[in-house]
Amino acid sequence: MVVIMKPGTQKQDIEALAQKFESQGLRVGITNGVGCSILGLVGDTTALDMDKIAIDPHVERVMRVQEPYKKANRKFHPEDTVVDVNGVKVGGGNFAVIAGPCSVESAEQVTGIARDVKASGAKMLRGGAFKPRTSPYSFQGMGEEGLDLLLEAKKATGLPIVSEIMAPRYAEVFEEKVDLVQVGARNMQNFDLLKEVGKLSKPILLKRGLANTYEEWIMSAEYIMAAGNENVILCERGIRTFETYTRNTLDLSAIPAIRKMSHLPIIVDPSHAAGMYWMVEPLAIAATAIGCDGLIIEVHNDPPHAKCDGQQSLTPEHFDQVMKKVESLRAWRNTMD
Ligand code: PEP
Ligand code: MN
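Notes on the structure in this doc start here. Here the structure is a predicted model, which is why all the values come from computation and not from measurement.

Turning to the sheet that holds strand β2 (residues 27–32), a few remarks are in order. Spatially, four strands are ordered β2-β3-β1-β4 in an open sheet, and the strand pairing comes out antiparallel. Single-partner strands in this sheet number two, and they are β2 and β4 (59–63). The average angle at which neighbouring strand axes cross in this sheet is 20°, direction not considered. Relative to strand β3 (residues 37–42), strand β1 (residues 2–5) runs antiparallel, the two being bridged by three bridges. Paired with Val 2 across the bridge in β3 is Gly 40. Against the sheet, helix α1 (residues 11–22) touches β1, β2, β3 and β4, its axis set at about 5° to β3.

Take a look at the structure:
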């Protein structure tokens, strides 16, 4: 971190500030330029509050030279992290497709879809039991019963299950029943929830918030990691832009950017990005070609009658076609990597 002092600041004021940083365990290098001095802070500055430093009447400006995230930072952990979801690996060259309905609706529905997506090559089953809906009058999910139906589908197929947690009070039940705990876009900055899932032994799927930067997203992963859970998979699911034709705008730049910034795996959700079933296939192909570590795709046996997100759900037959294309693209990528 670099602290630029105001022109004309007295030597004793500069030294007093330097001493304050030194008493916090940092080393301070003072450079006296023409008219102004600069303090270079060396050491772990992650816990320093830049705004508090800027309040000092002698301080002109404060700048970070390093990112505020440490555990998620590629610089301190050059190798890719591989997250193991009950035997299914994601990251470091391991590619996995997660598929299933937006919401769990019945035992037949979710087990039937689980069988279909497994036959097409999906490695995990998704299904919402607690749904974050824009309207309080929309279907809110089956709650814990939905998790039990996912467990039945897991028993029938062996697929690990992925489901969204909406509140810290459900941490215990998710720890017991779910293999990969999803934190949804709307909760990406629910810091209490992030701290709570950071205490779980289960890996976390952290979706990008609707209007969050890469750094904010990685800082949310940092919350989970700082609480003790280093098994985090990031998921780009489209962001809010001025475009209204699609539900969201899929930000494919996130894949190379996150790869550079962090060692955590990154997967893509083309379903929530597009909001339209016919656009899921090209977006899934593009994301695979650019090198994501996996996909999460909504699949429903009867999309027109789905209780949630039918408009963006693939039929099992369509999903099967998409998987064939995705698999051949993966083979092509393996020749490049
Ligand atoms: C979902 O996965 O069903 C979901 C609600 O996703 P998001 O949080 O990305 O909107
Ligand atoms: Mn959905």
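And the narrative resumes.
It is characteristic of soluble globular proteins that their nonpolar side chains tend to be buried jointly. Counting residues in hydrophobic clusters, the biggest one holds 67 residues, and the most contacted among them are Val 197, Leu 206, Trp 217, Leu 234, Leu 295, Ile 297 and Phe 319. By residue number, the principal contributor to this core is helix α7 (residues 214–226), which donates six residues. Residues within four places of Phe 319 in sequence aside, it is in contact with Val 97, Ala 99, Val 117, Ser 120, Ala 122, Ile 297, Val 299 and Leu 314. Met 5, Leu 17, Ala 18 and Val 28 belong to the second-largest nonpolar core, a separate cluster that totals 15 residues.

By the element assignment, Lys 6 lies in the loop between β1 and α1. Its relative accessible area of 34% is what places Lys 6 among the partly exposed residues. Residues in contact with Lys 6, not counting those within four places in the same chain, are Pro 57, His 58, Val 59 and Glu 60.

Tracing the backbone shows Ser 37 in strand β3. Accessibility expressed as a relative area gives 9% for Ser 37, which makes it buried. There is a polar contact of 2.7 Å between the side chain of Ser 37 and the side chain of Asn 32. Those residues in contact with Ser 37 that lie beyond four places of it in its chain are Val 3, Ile 4, Met 5, Ile 14, Thr 31 and Asn 32.

For ligand 1, the set of nearby residues contains 13 residues, the closest of which are Arg 126, Lys 131, Ala 185, Arg 186 and Arg 237. The separation between an oxygen atom of ligand 1 and a polar side-chain atom of Arg 186 is 2.8 Å. Here an oxygen atom of ligand 1 sits 3.2 Å away from a polar atom, N or O, in the side chain of His 272. Here ligand 1, which alone exposes 290 Å², has 97% of that area covered by the protein.

Turning next to a nonpolar patch on the surface. On the surface, a cluster of nonpolar side chains totalling about 390 Å² of accessible area is made up of Tyr 245, Tyr 277 and Trp 278. By the secondary structure assignment, Trp 278 is in helix α10 (residues 277–290).

Conventions used here
- Residues numbered from 1 in each chain as written.
- Chains lettered and ligands numbered in written order.
- Predicted model: local features only at pLDDT ≥ 70, side-chain atom pairs only at ≥ 80, totals over all residues.
- Heavy atoms only, no water.
- Pairing = 2+ DSSP bridges.
- Helix = DSSP H or I, 4+ residues; strand = E, 2+ residues; numbered from the N terminus.
- Axes fitted to C-alpha atoms, helices over the stretch in contact; angles between N-to-C directions.
- Contact = heavy atoms within 4.5 Å.
- Core = buried A, V, L, I, M, F, W, Y, C linked by side-chain atoms within 4.5 Å.
- Buried < 20%, exposed > 50% of the residue type's maximum accessible area, 1.4 Å probe, protein only.
- Polar contact = N/O pair within 3.5 Å; in protein donor to acceptor, adjacent residues only side chain to side chain.
- Near = heavy atom within 4 Å.
- Areas by Shrake-Rupley, 256 points an atom, 1.4 Å probe, with all protein chains shown as cover.
- Patch = residues over 30% accessible without salt bridge, like charges linked within 9 Å, V, L, I, M, F, W, Y side chains within 5 Å.
- Salt bridge = Lys/Arg side-chain N within 4 Å of Asp/Glu carboxyl O.

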